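Structure at a glance
As a plain string of letters, each chain reads:
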Amino acid sequence: MQAMPTFSPLHYGLRRLLGALSDKELRSASRRRRSYALRSGYIVLLCALMLATWYRFIGLQNAGVAAFGVSRASVVSLQVAGQVIMFQFVAAQLIAALMLSSSMGDELHRGTLGVLLTTPITSLHIVLGKLLSGLLQSVLLLAISLPVLAILRVLGGLAWNEVFATFWITLTAALFAGSVSLLLSTYYRHSFSALSAGAAVYLALFIGLPFAASCLAAAGVLNQAATSAFLDLLNPFRSLHAVAPQPWRPRPPAAGAFFSWPVHCLIMAGAAVAVSGAAVGRIRRAAAGGWLRPAGGFRPVERLHGSPVAWKEDPAGHVWRKGEIAIAVLALATCVLLVATKRFRNSPLMVYHYYGLGSLWLMAYLRLALATAGGIAREKESGAWQVLLTTPLGERQILWGKAKAAWRREAVLLLSLLTVEMCFLLEATDAQDRLMVVVYVLFRLAAVCLLTGTGLYFGVRLRTTTLAVAATLLTFLFVNYFIVGQHSALSAWIFGKLLAGYINWSSPTVQLVSLVWMAAAYLLDLAVGLVLWRRARRNLRAYIF
Amino acid sequence: MIEIQKLTKTFGSLTAVSNLDLSIGAGDIFGFIGPNGAGKTTTMRILVTLMEPTSGAALIDGLDVTKKGKDVRRRVGYMPDFMGVYDDLKVFEYLEFFAAAFGIEFRKRKSIVDGVLELTDLVSKQDALVDSLSRGMQQRLGLARVLIHDPKVLILDEPASGLDPRARIEMRELLRELKRMGKTIMISSHILSELEEICDRIGIIERGQLVFSGTLEEIRPRLGIQGKVRVKVLGEGLRAMELLSVLPQIQSVEVIGAQAAPSGLAGEAPGTTLLVTFKEGQLSDGLIARTLVQGGVDLVCLQPEQLKLDDAFLQLTQGIVH
């Protein structure tokens, strides 16, 4: 006789709520190669980050004395914990957004969205299934970091409640980022557009609005304490700062007396539910073709001049779009504000400038990765790549065209950011440190080159846009920040060796060595980018299908 | 124009194409048929330089596809089974892009694009976004793209798939027109009746090996349908069988269909259909007609057994895939 299955009301209720699609999504998500690649990449980055922090605070200064390392264990533990927490906070949101940015576009492209909607599966099931599978990756990555934080807790300097609070703040932030990305994927067919729109929403919500509110509070229009408390509750970045250990600088205004991280998490979860609800309402319209179309449908036919590959990426590219004009105007206004008023120097509001610039650079890098890696992988997905390769266009022409198109597309954003950053650095640094500004320009140029080479390589090497972009970003972060970058473990180690015995860190010799090393590191960045570019050229016809 | 010699392509332990030998003359329309997974697309991809063969050689217009890839690409127009389009380009822009990719000068491009638009009847759609076109229109656009650089050889992988009957007829006419223009066309299709009407020669491939290659006439002996005639007579057909089976030229006579009673409706007369098989080289329609009429049998019609490509396909292949 067959055993009767045990009836569990909770299990039954969950299955009814989530539906068959969640089952399928969870099963297939765990089987995808990209999931394994993502986890491996995350672990490598995490290890490199910990190593870099360790070297920066122990390896660089211990001068061979073991007791020094032991005595500073709790300080370093706090530093590493801070880095890990910040890293997982950014990575979890980025991955959730990336995973879900193409969820509806992919379904439509494969022709499965219409089929799903003809079954009893509801739009709610589709949204929940997609959201869960996308978030699963973020949750798994958070779970990877938990043992690390637990070990750091043993070393001292980190409290359990900090680990717990940062975990929940990160999780709800990832949930919100994922649901925003999912909603936007019902509006935009391409992950590129959905991610860009998502980044803009994020900037507006978490940088723009708080900045505006803080300005109003500073001007006396709003109550300072109430505004601060309100912002702490609504902004995950501020909430994380309020509860996490603080190894980074500068610190934002201290959390208000009304701050409570569980309330913040509830607000974020509630916001995610509301956004997901909006996505549920959009599914059927998206399936019926209700996407936001680019303005291309209404523009006249453009004639082709110059490189065909570069032209194809953006036929109306020579006409500046409204968004680009807005970015340029905003950048110019910020420069004028920074240089003319000098009011923000040493002001607590300056933190938004750090965040704003940091987030905008991240967004610019993401867009560049999407344009280079995604530009090729998208063609593979659509089947157009093989058609392009049956033309007499050479490997060099194709890759150069793709890179040129990506740079042209992002030029306004990149140049605006660079200009603002230069103004900011000139304002914030003393006269003797002005040479750093040149090094910084080199840093950004090297980063763009590295990202372009990496993007082209993974675009050629991998089959799907999401995988190619994720691999590009992970490699970029790894190379740029952990191997040859300014704050890398390698840099710290070399500094430690070169400058062992120097007491005065502001001496001209140390400054010179530091500058030369940084310049060399960025040149190495540049070289890695060029090597990967060359590899992409060699492999262009090897991974077509 | 196309020469394939001992071509082999393996993917790990899987052999997609095995020792394939094939020759297609200039100006021919060659139909390439076979079950799914037989190796048709792999062969075509090798010919258009998208894949390198594991061994063997493939030449187009005398050029080795592995060594002279760029020159081969200039001579070949390839339309894949699944044609990706650039969704943010308009039809004119899409074609101009490929014209530029094939190195056509700017001042000549417009007239060339206009020409292929006219040939493929897409003039009215030149301002439409490519992804807004219907499947049939996109297939036509694919054909227009293939023609943009005036290639000598066209390699078309399932060009009629997903097209409605009218579009299929138009596609067929277009291919005939291209043949008149002197193009060599290699075409694969699952709609075998399409190939039957336009192909000079066919090749049947299964499990990476060529099962048959030749004209439709050459396939008859392979299928055992040469020297067969269908005969329809009124009545039960016993008398006709008696008269025909004693003839020394005839090998066998068998009943393959009978209509026992009149239906009362206007249509075919009641009668029996016989399949008469002649001995090799003895085929004579006149002999049957004369014998039956002189024997007092009411002869309704007489028709040599037709070659059906579907039947040939089923008979020559076993439907085994890798």
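Residues numbered from 1 in each chain as written. Chains lettered and ligands numbered in written order. Predicted model: local features only at pLDDT ≥ 70, side-chain atom pairs only at ≥ 80, totals over all residues. Heavy atoms only, no water.

Description of the overall build of chain B
When helices and strands are counted, chain B shows eleven helices and 14 strands. Within chain B, buried positions represent 51% of all 322 residues. Sequence-distant contacts in chain B: of pairs separated by 6 or more residues, those separated by 24 or more amount to 69%. Accessible area of chain B: about 14,300 Å², with a carbon and sulfur share of 49%. (Helix = DSSP H or I, 4+ residues; strand = E, 2+ residues; numbered from the N terminus. Buried < 20%, exposed > 50% of the residue type's maximum accessible area, 1.4 Å probe, protein only. Contact = heavy atoms within 4.5 Å. Areas by Shrake-Rupley, 256 points an atom, 1.4 Å probe, with all protein chains shown as cover.)

A look at the overall build of chain A
When helices and strands are counted, chain A shows 21 helices and zero strands. Burial analysis of chain A (545 residues in total) assigns 52% to the buried set. Summarising the internal contacts of chain A: among those between residues at least 6 apart in sequence, 80% fall at separations of at least 24.

Brief notes about the sheet that holds strand β1 (residues 2–11) of chain B
All names here are of chain B. Strand order in this open sheet of four strands is β2-β1-β4-β5, and the pairing throughout is antiparallel. Of all strands in the sheet, those with a lone pairing partner are β2 (14–24) and β5 (63–64), marking the two edges. Summarising the sheet, strand β4 (residues 55–60) and β5 pair through two bridges and their orientation is antiparallel. Bridge pairing links Leu-59 to Asp-64 in β5. (Pairing = 2+ DSSP bridges.)

Focus on the packing of helix α8 (residues 160–185) of chain A against helix α11 (residues 236–243) of chain A
All names here are of chain A. Direction vectors running N to C along α8 and α11 enclose 175°, while the axes themselves pass 9 Å from each other. When the interaxial angle is binned, α8 and α11 end up roughly antiparallel. Taken together, the residues of α11 that come into contact with α8 (itself represented by Glu-162, Ala-165, Thr-166, Ile-169, Thr-170 and Ala-173) are Pro-236, Ser-239, Leu-240 and Val-243. Counted by class, the contact of α8 with α11 contains six nonpolar, three polar and one charged residues. (Axes fitted to C-alpha atoms, helices over the stretch in contact; angles between N-to-C directions. Parallel < 35°, antiparallel > 145°, perpendicular 65-115°, else oblique. Nonpolar A, V, L, I, M, F, W, Y, C, P; charged D, E, K, R; others polar.)

Observations regarding the pattern of salt bridges
In total, this model carries 24 salt bridges over all chains according to the counting rule given. A network of salt bridges, in which partner residues are shared, links A:Lys312, A:Glu313, A:Glu379 and A:Lys402. (Salt bridge = Lys/Arg side-chain N within 4 Å of Asp/Glu carboxyl O.)

Focus on the environment of B:Ile205
Residue and element names in this part refer to chain B. Position of Ile-205 among the secondary structure elements: in strand β9 (residues 201–206). According to the relative accessible area criterion, Ile-205 is buried, its value standing at 0%. Remark: the alpha-carbon pair of Ile-205 and Gly-37, spanning 168 residues in sequence, is separated by 9.8 Å. Look past the residues within four positions of Ile-205 in its chain and what remains in contact with it is Leu-20, Phe-32, Ile-33, Gly-34, Pro-35, Ala-38, Gly-39, Lys-40, Thr-43, Leu-210 and Val-211.

Considerations on a nonpolar patch on the surface
Residues and elements named next belong to chain A. Together, Phe-230, Leu-234, Val-263 and Ile-267 make up an exposed nonpolar region whose accessible area comes to about 320 Å². At the level of elements, α10 (224–234) and α12 (261–287) are the ones that each hand at least two residues to the nonpolar patch. Note that Ile-267 resides in helix α12. Ile-267 gets classed as partly exposed once you look at its relative accessible area, which sits at 32%. (Patch = residues over 30% accessible without salt bridge, like charges linked within 9 Å, V, L, I, M, F, W, Y side chains within 5 Å.)

As for the interface of chain A and chain B
On the side of chain B, 34 residues touch chain A, which itself brings 33 residues to the contact. The largest contributions to the chain A side of the interface with chain B come from A:Arg303, A:Thr390 and A:Pro392, which together make up 22% of the buried area. Linking chain A with chain B are one salt bridge, by the criterion used here. Residue B:Glu96 is joined to A:Arg303 by a salt bridge in which the shortest nitrogen-to-oxygen separation is 2.8 Å. There are six residue pairs in polar contact (both at pLDDT 80 or more) connecting chain A and chain B. (Buried area = accessible area lost by both parts, 1.4 Å probe. Polar contact = N/O pair within 3.5 Å; in protein donor to acceptor, adjacent residues only side chain to side chain.)

A word on the sheet that holds strand β8 (residues 184–188) of chain B
All names here are of chain B. In spatial order, the strands read β6-β7-β8-β3-β9-β10; together these six strands make up an open sheet with mixed pairing. Looking at which strands have only one partner, the edges of the open sheet turn out to be β6 (76–79) and β10 (209–215). When strand polarity is set aside, the average angle formed by the axes of neighbouring strands in this sheet is 15°. Pairing analysis gives five bridges linking strand β7 (residues 153–157) to β8, with the strands arranged parallel. Bridge pairing in β8 places Val-153 opposite Thr-184.

Description of helix α10 (residues 285–294) of chain B
Residues and elements named next belong to chain B. Buried within α10 we find Leu-287, Ile-288, Thr-291 and Leu-292. In an axial view of α10, the angular spread of the buried residues amounts to 115°, which keeps them on one side of the axis. Residues Val-293 and Gln-294 are exposed on α10 and point more than 90 degrees away from its buried face. Positive phi shows up at Gly-296, right after α10, with a value of about 80°. (Arc of directions from axis to C-beta.)

Focus: the nonpolar core
B:Ile60, B:Tyr94, B:Leu95, B:Ile155, B:Leu156, B:Met186 and B:Ile187 are the most contacted members of the largest nonpolar core, which has 209 residues in total. Not counting chain neighbours up to four residues away, the residues in contact with B:Leu95 comprise B:Val113, B:Val116, B:Leu117, B:Leu141, B:Ala144, B:Arg145 and B:Ile148. (Core = buried A, V, L, I, M, F, W, Y, C linked by side-chain atoms within 4.5 Å.)

Quick look at α12(A)
All names here are of chain A. Over its 27 residues, α12 runs 38 Å from end to end, which matches the ideal 39 Å to within 8%, given 1.5 Å per residue. Residue Gly-281 marks the point of greatest curvature in α12, where the axis turns by about 35°. Every buried residue of α12 is listed here: His-264, Cys-265, Met-268, Ala-272, Val-275, Ser-276, Ala-279, Arg-282, Ile-283 and Ala-286. (Expected span 1.5 Å × (residues − 1). Bend = angle between axes of the 7 residues up to and from the residue.)

Considering the packing of aromatic side chains
Two aromatic rings are characterised by how far apart their centres lie and by the angle between their planes. Under the criterion given, the structure shown has 22 aromatic pairs over all chains. Between A:Tyr365 and A:Phe476, the ring centres sit 4.9 Å apart and the planes meet at 65°, which makes this aromatic pair edge-to-face. Of the two residues, A:Tyr365 sits in helix α15 (residues 350–382) while A:Phe476 sits in helix α19 (residues 465–483), which places them 111 residues apart along the sequence. Judged by centre distance (5.1 Å) and plane angle (65°), the rings of B:Tyr94 and B:Phe98 are edge-to-face. Of the two residues, B:Tyr94 and B:Phe98 are both situated in helix α3 (residues 91–101); the distance of four residues between them amounts to about one turn of the helix. Residue B:Phe98 is classed as buried on the basis of its relative accessible area, which comes to 1%. A connected cluster of aromatic rings, assembled from ring pairs, spans A:Phe89, A:Phe176, A:Tyr202, A:Phe206 and A:Phe237. The positively charged end of A:Lys312 is found above the aromatic ring belonging to B:Phe97, 5.9 Å away from the centroid. (Phe/Tyr/Trp six-rings, centres within 6.5 Å; stacked < 30°, edge-to-face > 60°. Lys NZ or Arg CZ within 6 Å of the ring centre and 35° of its normal.)

What to know about the confidence of the model for chain A
The predicted coordinates ought not to be read in detail in places where the model reports low pLDDT. All names here are of chain A. For chain A, per-residue confidence averages 78 on the pLDDT scale, and 78% of positions sit at 70 or higher. Averaged pLDDT values for the elements of chain A fall to 62 in helix α3 (residues 66–71) and rise to 91 in helix α16 (residues 384–389). Throughout residues 248–254 the model reports pLDDT below 50, and contacts reaching past four residues in sequence, or to other chains, amount to 14 contacts. (pLDDT = per-residue confidence, 0-100.)

Brief notes about the pairing of β8(B)
Residue and element names in this part refer to chain B. Across the five residues that make up β8, a large majority, five, are buried. Along β8, one buried face is formed by Thr-184, Met-186 and Ser-188 and the opposite face, lined by Ile-185 and Ile-187, is buried too. Between β7 and its parallel partner β8, the chain crosses via helix α6 (residues 165–180), and the hand of that crossover is right-handed. (Right-handed = clockwise from strand over helix to strand, strands pointing away.)

Quick notes on the packing of helix α18 (residues 435–461) of chain A against helix α21 (residues 508–539) of chain A
All names here are of chain A. Interaxial distance between α18 and α21 falls to 8 Å at its minimum, and their mutual angle equals 20°. Taken together, α18 and α21 sit at an angle that is classed as roughly parallel. Relative to α21, α18 is oriented so that their crossing is left-handed. Its residues assigned to classes, the contact of α18 with α21 comprises 23 nonpolar, five polar and two charged. (Left-handed = near helix turned anticlockwise from the far one by under 90°.)

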